[in-house]
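Working through the structure, step by step
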Amino acid sequence: MNKFAKLPIESLIKILGIQEDRRYYSLFRYRKGSDELVSLKDPDIRKYDVDYFRELDGAAKKRVRQLIFNGKYEHTAKICEIKTFIYLHFVLTDLTNGKAEHITFKEIGERTGCTERTVKASLDALVRDGFISYEKINARYLDVTLQGYKDMFKKAKDGGHGYFTMTSEACGSILDLKRLNDIRVALISIYESVRNEYVSPSKTLGAVISFDEYKKALPEYLRPCHIRESVQTLSGVFGTFTETYKEFRVKLSGMFSARPIQNALLREARSAIRDHFISIRSAIDDFNRELESTLRISQECLDRLSTYGINCYCFIDTVSKDDVDHWKLKGLEYNTGTIESLAGIAVNFDLSMVLKAIGTFYENYILGDRAVDNLPGLITSIIKDNLKLQTEA
């Protein structure tokens, strides 16, 4: 599970059933008195016609009809659908295209608290609503792709809707919630706090949220007492919720302030990776100097290199002067851009994984005298392969 994930605001407001301009809406709209199902104006929302509606089974028709309640439209995403959608963002292996590879129904079910059958139904519902697509690799593994993942990184003028960064700790707190209404209240609190942060940045992440704003993402029949009950469940772990007249003053806990946490980890990763490169370079220089002066390679030098994951499998016996250049090791080339990219990879995956992958890279590519143009991309590929081996084991 990645330490951080970027969640698209557009998908969040759709799955919660709200709009950024505060108008309540749903993925579907059912016209009373007929079997005609009319889509909203949003071109990204799948259009359902009369024939499609007539082909639905009784349970599906009932679900669509339940979207109407006292003239308002409700989005009926279930608790496992929302949990699965959030969790998928934290297991992405391809952060460029929004793809999670080699995951299982069992893995998702264990983390979301759902059965494998429910997870399968949730994934199918997310596919139907246009949030994801998935492909079965075999009887056990599947690859999931988040639809429109790249769009959230676009500028607003190019159709981008933005995103916010969530920590794995915050994700875990959401996945541990047992009631759908608690999850909806939690996500609205996060969403409003993030919006407020972009309008007026402050040291603490929070917002003033009215009962009406909470109700826009909750079933119509819920009363303020139900919202208070959910708020009491969230208080403490999620932060402080102070009730005033018809509103709550929300201050989220530190685990939701992903930006400062991410920046601190980036600084730590930059320093550690730079020191790692310097240490490898020092070990290589000592190795080459000893080889030139003694014409042999000591076990001590080999052991020192092996601590960085580099096994050169050299002879310890004496070598001739003509073979010295052949046995010399090349230095590991890097620059500020490389350090920055590797630090970002370390934040998304894990620092130890990056350091291990650097050793694997050096052993298989530098010692093999192979040119490498994209070190960060190669390190990412090595990490993915290691993760895949761990999963299959």
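Notes on the structure in this doc start here. (Residues numbered from 1 in each chain as written. Predicted model: local features only at pLDDT ≥ 70, side-chain atom pairs only at ≥ 80, totals over all residues. Heavy atoms only, no water.)

1. Quick notes on the overall build of the protein
A count of helical and extended segments in the protein gives 16 helices and twelve strands. The burial tally for the protein puts 46% of its 393 residues in the buried class. Sequence separation of 24 or more characterises 67% of the internal contacts of the protein that already satisfy a separation of 6 or more. Per element, the accessible surface of the protein, about 20300 Å² overall, is 49% carbon and sulfur. (Helix = DSSP H or I, 4+ residues; strand = E, 2+ residues; numbered from the N terminus. Buried < 20%, exposed > 50% of the residue type's maximum accessible area, 1.4 Å probe, protein only. Contact = heavy atoms within 4.5 Å. Areas by Shrake-Rupley, 256 points an atom, 1.4 Å probe, with all protein chains shown as cover.)

2. As for the sheet that holds strand β7 (residues 132-136)
The three strands are arranged β6-β8-β7 in an open sheet whose pairing can be described as antiparallel. The open sheet is flanked by β6 (99-103) and β7, the only strands paired with a single partner. Taking the axes of each pair of neighbouring strands and ignoring which way they run, one obtains an average angle of 15 degrees across the sheet. Inspection of the sheet shows β6 paired to strand β8 (residues 142-146) by three bridges, in the antiparallel sense. Its bridge partner being in β8, I103 is matched across the sheet by L142. (Pairing = 2+ DSSP bridges. Axes fitted to C-alpha atoms, helices over the stretch in contact; angles between N-to-C directions.)

3. Structural notes on the side chain of H89
Along the polypeptide, H89 turns up in the loop between α4 (79-88) and β6. What makes H89 buried here is its relative accessible area of 2%. A distance of 2.8 Å separates a polar side-chain atom of H89 from the backbone oxygen of F85. Other than its neighbours up to four places away in sequence, H89 contacts A5, K6, L7, P8 and L146. (Polar contact = N/O pair within 3.5 Å; in protein donor to acceptor, adjacent residues only side chain to side chain.)

4. A short note on the sheet that holds strand β10 (residues 206-210)
The pairing of strands in a sheet happens through backbone hydrogen bonds and is either parallel or antiparallel. An order of β10-β12-β11 is seen for the three strands of this open sheet, with the pairing classed as antiparallel. The two strands at the open ends of the sheet, each matched to only one other strand, are β10 and β11 (239-244). Averaged over all adjacent pairs, the angle separating strand axes in this sheet is 20 degrees, with direction ignored. Running over the sheet, helix α10 (residues 224-234) touches β11 and β12 (247-252) and is turned about 150 degrees from β11.

5. Focus: the nonpolar core
Considering soluble globular proteins, one finds that nonpolar side chains tend to be buried as a cluster. With 65 residues, the main nonpolar core has I15, L88, M166, L187, I190 and Y214 as its most contacted residues. It is helix α8 (residues 180-199) that provides the largest number of residues to this core, a total of eight residues. Every residue in contact with M166, bar those within four places of it in the chain, is listed here: K3, F4, A5, L7, F90, C171, I174, I190 and A258. W327, L342, A346 and I379 belong to the second largest nonpolar core, which has 43 residues in total. (Core = buried A, V, L, I, M, F, W, Y, C linked by side-chain atoms within 4.5 Å.)

6. A closer look at the environment of G160
Looking at where G160 falls in the secondary structure, it is placed in the loop between β8 and β9 (163-167). Here G160 falls in the buried class, since its relative accessible area comes to 12%. Discounting residues that sit within four places of it in the chain, G160 has contacts with D151, K154 and K155.

7. Overview of the pattern of salt bridges
Counted under the stated rule, the structure contains nine salt bridges. Among the ionic pairs, K120 bridges to D124, the shortest N-O distance being 2.8 Å. Of the two residues, K120 and D124 are both situated in helix α6 (residues 116-128); the distance of four residues between them amounts to about one turn of the helix. For K120, a relative accessible area of 27% puts it in the partly exposed group. D182 is paired through a salt bridge with R179; the nearest N and O atoms lie 2.9 Å apart. The exposure class of D182 is buried, given its relative accessible area of 2%. Taking relative accessible area as the criterion, R179 reaches 33% and is therefore assigned partly exposed. One network of salt bridges, in which partners are shared, links R179, D182 and E229. (Salt bridge = Lys/Arg side-chain N within 4 Å of Asp/Glu carboxyl O.)

8. Overview of the packing of aromatic side chains
As enumerated under the stated definition, the model contains six aromatic pairs in all. Judged by centre distance (5.5 Å) and plane angle (70 degrees), the ring pair of Y149 and F153 falls under edge-to-face. For Y149, a relative accessible area of 7% corresponds to the buried category. On the numbers, 5.1 Å between centres and 55 degrees between planes, the contact of F211 with F248 is tilted. (Phe/Tyr/Trp six-rings, centres within 6.5 Å; stacked < 30°, edge-to-face > 60°.)

9. Points about the side chain of S193
You can see S193 is positioned in helix α8. Once residues within four sequence positions are removed from consideration, S193 is found in contact with L205, G206, A207, V250 and L252.

10. A short note on the packing of α4 against α6
Interaxial distance between α4 and α6 falls to 9 Å at its minimum, and their mutual angle equals 80 degrees. Classified by the angle their axes make, α4 and α6 are roughly perpendicular. Mapping the contact onto sequence places C80, E81, T84, F85 and L88 in α4 and T118, V119, S122, L123, A125 and L126 in α6. A per-class count over the contact of α4 with α6 returns seven nonpolar, three polar and one charged. (Parallel < 35°, antiparallel > 145°, perpendicular 65-115°, else oblique. Nonpolar A, V, L, I, M, F, W, Y, C, P; charged D, E, K, R; others polar.)

Functional significance is not addressed by these values, which are geometric in nature.
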